[in-house]
Structure formats: C-alpha cells, structure tokens
Amino acid sequence: DRGDNVFVSVATDGSKGNVKTQANLAKIRHNETKKGLVEIGKPIMLDFEDGNLHDEKNAKEKISNLIQTVNPDLILTHPPEDYHPDHSALSNYIRDINGFKCPLIFSETLLGVNFIPEIYVDITKYFLSKKKAILCHKSQNPQKFVEATEITNRFRSAQCNAPIGNYAEAYR
C-alpha cells in the first residue's frame, strides 16, 4: 500500500518434500511460487537443492551477492530455530552476511512453535490474498497450510485483543 519495492527470494528449488516423487517437482514448485507471489512481484529463485542448503558450497556467496545487489532497507527471513533445516540454514547465512547493514526481522515458524514474538502486524485486509497465495502450492497439499495459517494468524490477532475475524502476523 505504501509503494515500497519488495524483493522476494526463494533459496531452494522445492525438488523434495512430503509428496509423491515427481521428476519435474522443482519446475512445478517454481511455477506455483511465481503464481502465488503474483500480487507481490516476480520472486528471485536461487535454485539450491531442496533439503541441503547448509551443505551448498556457494550458498553464502550467492546470497551475499543478492543482498548486495538488492541493497535492502530491511530483511525479513526465517528464525534460526525454525523447524525446517533449509529455513534455519538460510537464517544463519543471512544473519552472518547482513551483520549491521540493515534491520533483520524474523518471521514466525509454522504454528508459532518455539517462537516468542515482539512485533505484531494486522494483516486482516490481506488475509484472503495470503490464503489464495498458499492455495497456489497444489503440490504441497495446501489446505493443511491454509488451516495452520488461519489458526496461527487468528491466535496472534487474539494476543493483540483484536476482534474475532481479524488476523495478525508475528515477528521479532
């Protein structure tokens, strides 16, 4: 709404996961991601192998080059304690690369597990767009993620004493 330039990057190719193996899963997930983020912009795909980000030889260099190119005012990423090994590896890379260049904010984990927020953002007017974006990820059984997101965002809204029917995201 403010007219900010938003850059979204996806570190891994999505070629693995909790689905039946498909030879073209990386391409399917790439297309799902592009479709889901159409309202925000075209994502920058780094295409590291899914599930092995911590072992990627040039990950830190490639992520560093991206951050230098974008030159962000703010970085939003996964928290280091995230349940997914790729998410926590990405968080650690970004924290190390960023240093004190710009503020670094961590988004909460799925269902807020082990996450203590410090920042709450009312997303009520964007929630349907968020839900629509999640549903674009057909290869990942998205309905379960929609339900988890609704629960989490309602809970975070309730923590702010917002009316029923409101949604909030939490960060720190």
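Calculation criteria
Residues numbered from 1 in each chain as written. Predicted model: local features only at pLDDT ≥ 70, side-chain atom pairs only at ≥ 80, totals over all residues. Heavy atoms only, no water. Salt bridge = Lys/Arg side-chain N within 4 Å of Asp/Glu carboxyl O. Helix = DSSP H or I, 4+ residues; strand = E, 2+ residues; numbered from the N terminus. Buried < 20%, exposed > 50% of the residue type's maximum accessible area, 1.4 Å probe, protein only. Contact = heavy atoms within 4.5 Å. Arc of directions from axis to C-beta. Expected span 1.5 Å × (residues − 1). Phe/Tyr/Trp six-rings, centres within 6.5 Å; stacked < 30°, edge-to-face > 60°. Lys NZ or Arg CZ within 6 Å of the ring centre and 35° of its normal. Core = buried A, V, L, I, M, F, W, Y, C linked by side-chain atoms within 4.5 Å. Axes fitted to C-alpha atoms, helices over the stretch in contact; angles between N-to-C directions. Parallel < 35°, antiparallel > 145°, perpendicular 65-115°, else oblique. Left-handed = near helix turned anticlockwise from the far one by under 90°. Nonpolar A, V, L, I, M, F, W, Y, C, P; charged D, E, K, R; others polar.

Visitor: Explain the pattern of salt bridges to me, using residue names and the numbers behind them.
Guide: What the rule picks out here adds up to eight salt bridges. The closest approach of N and O atoms between Lys60 and Asp96, which form a salt bridge, is 3.9 Å. With Lys60 in helix α2 (residues 59–70) and Asp96 in helix α3 (residues 85–98), this residue pair connects regions lying 36 residues apart in the sequence. A relative accessible area of 41% places Lys60 in the partly exposed class.

Visitor: Summarise the side chain of Thr33; cite the residues concerned and give the values.
Guide: Along the chain, Thr33 turns up in helix α1 (residues 25–36). When its relative accessible area of 12% is taken as the criterion, Thr33 is described as buried. With sequence-adjacent residues up to four places away left out, Thr33 is seen in contact with Val10, Pro43, Met45 and His137.

Visitor: Which residues make up helix α4 (residues 127–135), and what values go with them?
Guide: Among the residues of α4, those classed as buried are Phe127, Ala133 and Ile134. In an axial view of α4, the angular spread of the buried residues amounts to 120 degrees, which keeps them on one side of the axis. More than 90 degrees from the buried face of α4, the exposed residues found are Leu128 and Lys132. Of the surrounding secondary structure, the elements contacted by the buried residues of α4 are α1 and α5 (142–159).

Visitor: Report on the environment of Ser157, specifying residues and quantitative values.
Guide: Turning to its location among the elements, Ser157 is positioned in helix α5. Taking relative accessible area as the criterion, Ser157 reaches 2% and is therefore assigned buried. Separated by ten residues in the primary sequence, Ser157 and Tyr167 have C-alpha atoms spaced 5.0 Å apart. Once you skip the residues sitting within four places of it in the chain, Ser157 turns out to touch Ala162, Pro163, Asn166, Tyr167 and Ala168.

Visitor: Which residues make up the environment of Asn65, and what are the values?
Guide: With respect to the helices and strands, the residue Asn65 is situated in helix α2. For Asn65 and Ile97, which are 32 residues apart along the polypeptide, the C-alpha to C-alpha distance reads 9.7 Å.

Visitor: Describe α5, with residues and values.
Guide: The end-to-end C-alpha distance of α5, which contains 18 residues, comes to 26 Å, matching closely the 26 Å that a straight helix rising 1.5 Å per residue would cover. Here α5 has its buried residues at Pro142, Val146, Ala148, Thr149, Thr152, Asn153, Arg156 and Ser157. Relative to the axis of α5, the buried residues are bounded by an arc of 165 degrees and lie together on one face. The positive-phi residue at the C-terminal boundary of α5 is Asn161, with phi of around 60 degrees.

Visitor: For the packing of aromatic side chains, give the residues involved together with the corresponding values.
Guide: This structure, assessed with the given rule, holds one aromatic pair. When the centroid spacing of 3.8 Å and the interplanar angle of 5 degrees are considered together, the rings of Phe127 and Tyr167 count as stacked. Here Phe127 is found in helix α4, whereas its partner Tyr167 is found in the loop between α5 and β6 (168–171), with 40 residues between them in sequence. In this structure, Lys62 is placed above the aromatic ring of Phe48, and the distance from its NZ or CZ to the ring centre is 5.1 Å.

Visitor: So what's going on with the nonpolar core? Which residues, and what values?
Guide: Of all hydrophobic cores here, the largest spans 15 residues; its most connected members are Leu53, Ile63 and Tyr93. Elements that contribute at least two residues to this core include exactly β2 (44–48), α2 and α3. Sorting elements by how many residues they give to this core places α3 first, with five residues.

Visitor: Just give me the short version of the packing of α4 against α5, but keep the residues and values in it.
Guide: Orientation of α4 relative to α5, taken along the N-to-C sense of each, is 155 degrees, at an axis distance of 9 Å. Accordingly, the angle class assigned to the pair α4 and α5 is roughly antiparallel. The crossing of α4 and α5 is right-handed. Only Pro142, Gln143, Phe145, Val146, Thr149, Glu150 and Asn153 of α5 make contact with α4, whose side of the interface consists of Phe127, Lys130, Lys131, Ile134 and Leu135. Of the residues contributing to the contact of α4 with α5, the split by class is six nonpolar, three polar and three charged.

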